[in-house]
Amino acid sequence: MDKLLIRGGRSLQGEVDIAGAKNAALPELCACLLTAEPVTLRNVPRLQDVATMLKLIRNMGVQAERGEDGLLRVNAGALHNPEAPYELVKTMRASVLALGPLLARFGHAKVSLPGGCAIGSRPVDQHIKGLTAMGAEIAIEQGYMVARLQPGRSKLRGARIATDMVTVTGTENFLMAACLAEGETVLENAAQEPEIPDLAEMLIAMGARIEGHGSSRIRIQGVEQLQGASHQVVADRIETGTFLCAVAAAGGDVLLRNGRAEHLVAVIDKLRDAGAQVTAVAGGIRVQAAGRLRAQSFRTTEYPGFPTDMQAQFMALNCVSVGTAKVTETIFENRYMHVNELVRLGANIQIDGKLALVAGVPKLSGATVMATDLRASASLVIAGLVAQGETLVDRIYHLDRGYDQMEAKLRALGADIERIK
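In this report, the structure presented in the accompanying data block is examined. Fair warning: this is a prediction, and the values are worked out from it, not measured in the lab.

## Section: the nonpolar core
Argument step 1. Core analysis: the largest hydrophobic core is formed by 78 residues, its most contacted members being Leu175 and Leu203.
Argument step 2. Looking at this core, the element that brings in the most residues is helix 1 (residues 22-31), giving six residues.
Argument step 3. Beyond its immediate sequence surroundings of up to four residues, leucine 175 is in contact with Leu187, Ile196, Leu199, Ala200, Leu203, Ile210, Ile218 and Ile220.
Argument step 4. Of all hydrophobic cores here, the second largest spans 71 residues; its members include Val254, Ala261, Leu264 and Tyr403.

## Describing helix 4 (residues 99-106)
Argument step 1. Judged by how many residues are buried, helix 4 sits mostly within the fold: six of eight residues are covered.
Argument step 2. Count one or two residues on from helix 4 and you reach glycine 107, which has phi positive near 85°.

## Regarding unusual backbone geometry
Argument step 1. With an omega of 10°, the peptide bond between tyrosine 303 and proline 304 qualifies as cis.
Argument step 2. Here proline 304 lies in the loop between strand 18 (298-299) and helix 10 (311-319).
Argument step 3. Not every positive phi belongs to a glycine, and aspartate 69 is a case in point at roughly 55°.
Argument step 4. Residue placement: aspartate 69 occurs in the loop between strand 4 (63-66) and strand 5 (72-75).
Argument step 5. In this structure aspartate 69 comes out as exposed when scored by relative accessible area, which is 76%.

## So, the sheet that holds strand 1 (residues 3-7)
Argument step 1. The strand order 22-23-1-24 describes an open sheet built from four strands, whose pairing is mixed. Of all strands in the sheet, those bounded by a partner on one side alone are strand 22 (368-370) and strand 24 (416-420). Looking at each pair of strands side by side, their axes are set apart by 20° on average, direction ignored.
Argument step 2. Pairing analysis gives four bridges linking strand 1 to strand 23 (residues 390-394), with the strands arranged antiparallel. Looking at strand 23, one finds that isoleucine 6 is bridged to threonine 391.
Argument step 3. Sitting on the sheet, helix 12 (residues 374-386) touches strand 1, strand 22, strand 23 and strand 24, and the angle it makes with strand 1 is about 30°.

## Focus on the pairing of strand 7 (residues 108-112)
Argument step 1. As judged from the two bridges shared by strand 6 (residues 83-84) and strand 7, these two strands associate in the parallel manner. Within strand 7, the position partnered with glutamate 83 by the bridge is lysine 110.
Argument step 2. Two strands pair when backbone bridges link them, and strand 7 and strand 9 (residues 144-149) are joined in this way by five bridges, in the antiparallel orientation. Directly across from valine 111, in strand 9, lies its bridge partner methionine 145.

Rules used in this analysis
- Within each chain, residues carry numbers counting from 1 in the order of the written sequence.
- In keeping with the model being predicted, local features are shown solely for residues with a pLDDT of at least 70 and side-chain atom pairs are shown and tallied solely at 80 or more, while totals for entire chains, interfaces and linings include all residues.
- Values reported for side chains reflect all heavy atoms of the structure, with hydrogen atoms and water molecules removed beforehand.
- What makes a nonpolar core is a set of buried Ala, Val, Leu, Ile, Met, Phe, Trp, Tyr and Cys residues whose side-chain atoms join them at distances within 4.5 Å.
- Think of it in three bands: with a 1.4 Å probe and only protein chains considered, a residue is buried below 20% of the maximum accessible area for its type, exposed above 50%, and partly exposed in between.
- Secondary structure elements follow DSSP: runs of H or I of four or more residues count as helices, runs of E of two or more count as strands, with numbering from the N terminus.
- The contact criterion used is simple: two residues touch if any of their non-hydrogen atoms lie within 4.5 Å.
- Paired strands, as defined in this entry, are two strands with at least two bridges between them according to DSSP.
- Axis definition: a line fitted to C-alpha atoms, over the contacting stretch in the case of helices. Angles run 0 to 180 degrees between N-to-C directions.

As structure tokens, then:
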């Protein structure tokens with residue numbers, strides 16, 4: 001099992017390319033299932049989750065070929081097995097995104113209940129509720145969602161879907177399914193994360209009729225069929241935010257090429273309040289920091305608020321900042337599993353339910369720590385960059401699920417970091 005060995009104490013200097021977003025690439029691979037014509041995706045990151053999704057759709061009969069520089073050609077014309085088995089999706093919750101497209105195009109699907117990080121419950125009840133409103137019958141049988149059209153129906157039908165909570169994957173599933181449904185679908189309380197309008201733009205290029213994407217109400221007029229298209233995956237805002245926090249903690253001057261400042265307003269505002277200089281420039285974001293910054297309190301919430309996927313990384317920055325900060329996690333109930341590992345490095349953190357109280361310390365000390373989930377692993381890498389001595393991060397397969405060659409990018413910026421087999 002691979003590990004990362006980090007010798008802390010070096011500032012970060014230079015330029016780094018931000019990869020395409022994992023959370024855009026995964027639903028967009030599922031969107032390719034909606035058409036029998038070829039689709040070309042550009043800027044697809046080389047991540048374990050993407051590899052798992054490719055294995056999944058190939059198992060269905062889809063042709064998917066990688067090219068140079070993140071190019072991916074997908075052809076679902078020969079798809080013959082609309083099933084997502086547990087063995088292929090047990091490590092990835094995004095498997096549920098295959099349900100809507102398969103049901104819309106073929107009228108039936110069998111998709112395993114999703115897996116993923118152990119950061120909290122991720123119920124599929126909203127997916128079932130929305131697709132049922134569109135004319136599906138869905139039963140849970142032996143760990144699978146078995147879906148088919150209601151008797152007498154040849155297609156899904158348009159519906160008004162108001163979810164009980166904001167759900168990103170639910171919004172994406174309904175958006176894709178509605179493209180081939182009869183009539184109009186209106187999504188109320190829709191998620192607004194940048195990956196959703198990016199998916200919508202891809203679907204529009206394929207011939208879908210969508211309005212309001214990026215807002216809390218999305219309208220979709222169903223069409224008879226979708227065609228092939230070419231689409232570039234949006235830059236990963238969480239990778240961008242992770243590198244912003246890394247530079248803020250370790251100090252330095254770095255240009256994040258392709259970073260989109262408008263997708264990280266809440267995080268950038270906190271970084272500026274902490275004392276970092278963050279500037280939107282042509283083609284990316286420049287971040288500069290020196291010395292210990294000021295600890296910042298924040299509360300995670302749905303976009304455009306502070307993202308839960310940035311909580312652990314900003315907490316690592318708070319650990320070595322001046323002052324005390326309150327962190328409130330409102331999205332996932334188990335998203336403080338990195339705290340015990342940060343404490344092993346010398347952090348001062350107290351947990352009380354959803355609240356974490358972080359008292360900044362002058363320095364951290366290297367130790368062996370264990371990654372417990374994707375973003376937790378990133379927080380431990382940031383902590384290792386500033387800790388004195390050697391930090392060994394174990395179980396980094398979590399990191400590989402969501403970061404494209406993170407250690408190579410950090411090494412190019414001057415960090416002393418290496419992967420140990």
